[in-house]
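# Topology and contacts: notes
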Amino acid sequence: MRIHVGTDHAGLEFSRDLQQHLRDAGHEVIDHGPQSFDPLDDYPSFCINTALAVVHDQRSGVDALGVVFGGSGNGEQIAANKVRGARAALVWNHDTALLARQHNDANLIAIGARQHTAEVALALVDAFIGEPFSGEERHARRIAQLTEYELTGGIAGHEIDVY
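Residues numbered from 1 in each chain as written. Predicted model: local features only at pLDDT ≥ 70, side-chain atom pairs only at ≥ 80, totals over all residues. Heavy atoms only, no water.

Quick look at the overall build of the protein now. Counting its secondary structure elements, the protein contains six helices and five strands. Starting at the N terminus and ending at the C terminus, the protein contains elements arranged as β-α-β-α-β-α-β-α-β-α-α. Against the 2.2 N^0.38 benchmark of 15 Å for 163 residues, the protein shows a C-alpha radius of gyration of 16 Å, consistent with a compact globule. By its C-alpha atoms, the protein is 50 × 35 × 30 Å across when sized along the principal axes. (Helix = DSSP H or I, 4+ residues; strand = E, 2+ residues; numbered from the N terminus. Rg over C-alpha atoms; globule rule 2.2 N^0.38 Å.)

Right, dumping it as structure tokens:
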């Protein structure tokens with residue numbers, strides 16, 4: 001599987017460990033930065049580039065997922081979710097890693113590098129990557145509604161408030 005990785009300065013050291021861990025597991029890893037430590041760098045471009053690459057690969061038929069992280073994972077998740085077709089889930093324990101795939105068919109996860117040990121974060125990534133989407137109709141329906149809203153600003157058969 002191809003795994004895209006993006007971070008900021010808060011996760012740079014962990015990013016290097018994660019990438020090696022993923023390569024050792026047989027994955028192709030694409031690093032979207034940063035390449036060097038800069039305590040004033042900004043995570044949005046790294047995370048957006050990661051999400052763009054995941055969505056592009058998936059639309060091209062490539063088996064791909066992504067991991068973005070920073071201090072908390074919150075901003076990184078928000079940035080990744082600005083990309084049309086990205087479904088980034090903030091993961092903080094084993095169950096949220098599994099459910100992100102099972103119920104939401106998430107194609108990226110966000111992890112707070114300052115919130116977990118490297119060992120725990122690696123286990124979360126492994127759980128996410130190893131878990132398939134359940135394919136259950138109710139989950140597929142909900143994902144389709146999110147995609148429809150993303151593309152059209154509405155969901156057929158459901159009222160969406162306009163402000």
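Next comes the rest of the write-up.
This part is about the pattern of salt bridges. Under the definition given, this model contains six salt bridges. Of the charged contacts, one joins Arg-87 and Asp-105 as a salt bridge, the two residues approaching to 3.5 Å between their closest N and O atoms. Of this pair, Arg-87 sits in the loop between helix 3 (74–80) and strand 4 (88–90) while Asp-105 sits in the loop between helix 4 (94–102) and strand 5 (108–112), placing them 18 residues apart in sequence. On the basis of relative accessible area, Arg-87 is assigned to the partly exposed category, the value being 22%. One salt bridge connects Asp-105 with Arg-101, and the closest N-O pair in it is separated by 2.9 Å. One exposure class covers both Asp-105 and Arg-101, and it is buried. Here the salt bridges do not stand alone but share partners, grouping Arg-2, Glu-28 and Asp-57 into one network. (Salt bridge = Lys/Arg side-chain N within 4 Å of Asp/Glu carboxyl O. Buried < 20%, exposed > 50% of the residue type's maximum accessible area, 1.4 Å probe, protein only.)

This part is about the environment of Ile-129. The topology assignment puts Ile-129 in helix 5 (residues 118–130). We classify Ile-129 as buried; its relative accessible area is 12%. Along the chain, Ile-129 and Asn-107 lie 22 residues apart, while their C-alpha atoms are 9.3 Å from each other. Those residues within four positions of Ile-129 in sequence are excluded, and the remaining contacts are Met-1, Ile-3, Leu-22, His-27 and Leu-65. (Contact = heavy atoms within 4.5 Å.)

Here the focus is helix 4. What helix 4 keeps buried is the set Thr-96, Ala-97, Leu-98, Ala-100 and Arg-101. In this fold, the buried residues of helix 4 make contact with strand 3 (64–70), strand 4 and helix 5.

Turning next to the nonpolar core. It is characteristic of soluble globular proteins that their nonpolar side chains tend to be buried jointly. Counting 24 residues, the largest nonpolar core has Leu-18, Leu-22, Val-125 and Phe-128 as the members making the most contacts within it. Ranked by the residues each element gives to this core, the list is headed by helix 5, at seven residues. For Phe-128, the residues in contact, after removing those within four places along its chain, are Leu-65, Gly-66, Ala-97, Ala-100, Arg-101, Ala-106, Asn-107, Leu-108 and Ile-109. Counting 12 residues, the second largest nonpolar core, distinct from the first, contains Val-54, Val-68, Ala-88 and Leu-108. (Core = buried A, V, L, I, M, F, W, Y, C linked by side-chain atoms within 4.5 Å.)

Tallied over the full model, the rule gives one aromatic pair. With centroids separated by 5.0 Å and ring planes inclined at 75°, the aromatic side chains of Phe-14 and Phe-69 adopt a geometry described as edge-to-face. Residue Phe-14 is found in helix 1 (residues 12–24), and its partner Phe-69 is found in strand 3; the two are separated by 55 residues along the sequence. For Phe-69, a relative accessible area of 0% gives the class buried. (Phe/Tyr/Trp six-rings, centres within 6.5 Å; stacked < 30°, edge-to-face > 60°.)

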